[in-house]
Amino acid sequence: MARKQGSHADITGPRLRAAALRLFARHGFAAVSMRQIAAEIGVQAGALYLYTSDKQALLFDLMRDHLEHLLADWSPPDAPPEAQLESFVRHHIGYHLDRPDLVFIAYMELRNLEPANFAVIEGLRRDYEDQLETILKRGQAAGVFAVPDTKLATLALIAMLTGVTTWYREGGRLDRETVLSIYWDMARKSVAARSPDGAKQG
């Protein structure tokens, strides 16, 4: 017997999250209703509540999963600070270029999180920032980075690296590897990476 159109048996958690992600990124969280999300999947709105409690939970789940996967997907190589920084820069840009919609809502929709959810997401963001700051502190201690304030440098670097997602398009004037190399060079120079003999590189 054919399944009726709109049957909730046709929904999966990943399909629901993918539809919510597309719509939040296209129209903004506040402008999207659960009814629109249901229509995107092709089911009745009531069926969605078998998979999520509400729209806020969908937004929170998308942000949390994004950050948890980002944290799990990279670990610093057993290498000197400059090599660790290069690894972080290349991974951060590559990871985010592959997920532009997630990056967009992760930054633009923070204001729409309820306080408890906001606290969780902010904690995960700090965990990620701490990974970069640890590298900068190691380089500072080793005398290869000249960073007056590692926290400020961390925030500035992450903002610069994440900004690539606002303009980069595959097939554009610069290929991905060229962009990665240019941004690594800018990141290296921004922390005043120095050679072991103290001479400034680049």
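Everything discussed here concerns the structure shown above.
What you see is a predicted model; the values in this text were computed from it and never measured.

Notes on the packing of aromatic side chains
Next up, step 1: By the definition in use, this model includes five aromatic pairs.
Next up, step 2: Plain terms: the ring middles of Phe24 and Phe29 are 5.1 Å apart, the flat faces sit at 65 degrees to each other, and that makes the pair edge-to-face.
Next up, step 3: A relative accessible area of 0% places Phe24 in the buried class.
Next up, step 4: Since its relative accessible area comes to 8%, Phe29 is described here as buried.
Next up, step 5: An aromatic cluster of at least three residues, connected via ring pairs, comprises Trp74, Phe88 and Tyr128.

Topic: helix α4 (residues 81-97)
Next up, step 1: Taking 1.5 Å as the rise per residue, α4 with 17 residues should run 24 Å; its terminal C-alpha atoms sit 24 Å apart, in good agreement.
Next up, step 2: Most of α4 sits inside the fold, with twelve of its 17 residues counted as buried.
Next up, step 3: For α4, the full list of buried residues reads Pro81, Gln84, Leu85, Phe88, Val89, His91, His92, Ile93, Gly94, Tyr95, His96 and Leu97.
Next up, step 4: Where α4 is buried, its residues touch α3 (55-73), α5 (100-108), α6 (115-142), α7 (150-162) and α8 (176-190).

Focus on the packing of α3 against α5
Next up, step 1: Following both chains from N to C, one finds α3 and α5 inclined at 110 degrees, their axes separated by 10 Å at the closest point. As the angle between them shows, α3 and α5 are arranged roughly perpendicular. Seen from above, α3 lies across α5 with left-handed handedness. Here Leu59, Leu62, Met63 and His66 of α3 lie close against α5, whose contacting residues are Leu102, Ile105 and Ala106.
Next up, step 2: The residue inventory of the contact of α3 with α5, partitioned by class, reads six nonpolar, one polar and no charged.

Topic: α7
Next up, step 1: In this model, α7 (13 residues) spans 18 Å end to end at C-alpha, consistent with the 18 Å of a helix rising 1.5 Å per residue.
Next up, step 2: Among all positions of α7, only Thr150, Ala153, Thr154, Leu157, Ile158, Leu161 and Thr162 are buried. End-on view of α7: buried residues confined to an arc of 150 degrees, all on one side of the axis. In this structure, α7 carries Leu152 and Ala159 as exposed residues pointing more than 90 degrees from its buried face.
Next up, step 3: At its buried positions, α7 is contacted by α4, α5, α6 and α8.

Some thoughts on the nonpolar core
Next up, step 1: Counting residues in each nonpolar core, the largest one holds 58 residues, and the members touching the most others are Phe24, Ile37, Leu85 and Phe145.
Next up, step 2: Looking at this core, the elements with two or more residues in it are α1 (13-27), α2 (34-41), α3, α4, α5, α6, α7 and α8.
Next up, step 3: It is α3 that contributes the most residues to this core, eight residues altogether.

Concerning a nonpolar patch on the surface
Next up, step 1: A cluster of nonpolar side chains, contributed by Phe104, Tyr107 and Met108, occupies part of the molecular surface with about 270 Å² of accessible area.
Next up, step 2: Mapped onto the elements of the fold, Phe104 is located in helix α5.

A word on the layout of surface pockets
Next up, step 1: The computed volume of the largest pocket comes to approximately 150 Å³.
Next up, step 2: Residue lining of the largest pocket: Pro100, Val103, Phe104, Tyr107, Met108, Thr162, Gly163, Thr165 and Thr166, and that is the complete set.
Next up, step 3: Of the residues forming the lining of the largest pocket, the biggest block, five residues, is contributed by α5.
Next up, step 4: Taken together, the residues of the lining of the largest pocket break down into five nonpolar, four polar and no charged.

Comments concerning the environment of Pro77
Next up, step 1: Among the structural elements, Pro77 can be located in the loop between α3 and α4.
Next up, step 2: Along the chain, Pro77 and Ser87 lie ten residues apart, while their C-alpha atoms are 7.6 Å from each other.
Next up, step 3: The contact partners of Pro77, leaving out residues within four places of it in the chain, are Ala83, Gln84 and Ser87.

Regarding the side chain of Glu129
Next up, step 1: Mapped onto the elements of the fold, Glu129 is located in helix α6.
Next up, step 2: Among the residues examined, Glu129 registers a relative accessible area of 13% and is labelled buried.
Next up, step 3: Among the polar contacts made by the side chain of Glu129, one reaches the side chain of Lys151 at a distance of 3.2 Å.

Calculation notes
- Residues numbered from 1 in each chain as written.
- Predicted model: local features only at pLDDT ≥ 70, side-chain atom pairs only at ≥ 80, totals over all residues.
- Heavy atoms only, no water.
- Phe/Tyr/Trp six-rings, centres within 6.5 Å; stacked < 30°, edge-to-face > 60°.
- Buried < 20%, exposed > 50% of the residue type's maximum accessible area, 1.4 Å probe, protein only.
- Helix = DSSP H or I, 4+ residues; strand = E, 2+ residues; numbered from the N terminus.
- Expected span 1.5 Å × (residues − 1).
- Contact = heavy atoms within 4.5 Å.
- Axes fitted to C-alpha atoms, helices over the stretch in contact; angles between N-to-C directions.
- Parallel < 35°, antiparallel > 145°, perpendicular 65-115°, else oblique.
- Left-handed = near helix turned anticlockwise from the far one by under 90°.
- Nonpolar A, V, L, I, M, F, W, Y, C, P; charged D, E, K, R; others polar.
- Arc of directions from axis to C-beta.
- Core = buried A, V, L, I, M, F, W, Y, C linked by side-chain atoms within 4.5 Å.
- Patch = residues over 30% accessible without salt bridge, like charges linked within 9 Å, V, L, I, M, F, W, Y side chains within 5 Å.
- Areas by Shrake-Rupley, 256 points an atom, 1.4 Å probe, with all protein chains shown as cover.
- Salt bridge = Lys/Arg side-chain N within 4 Å of Asp/Glu carboxyl O.
- 1 Å grid on protein atoms, 1.4 Å probe; cavity = no way out; pocket = protein on both sides within 12 Å on 5 of 7 lines; lining within 4 Å.
- Points joined across faces, edges and corners; volume = space filled by probe spheres on them.
- Polar contact = N/O pair within 3.5 Å; in protein donor to acceptor, adjacent residues only side chain to side chain.

Without other data, these values stay purely geometric and don't point to any function.
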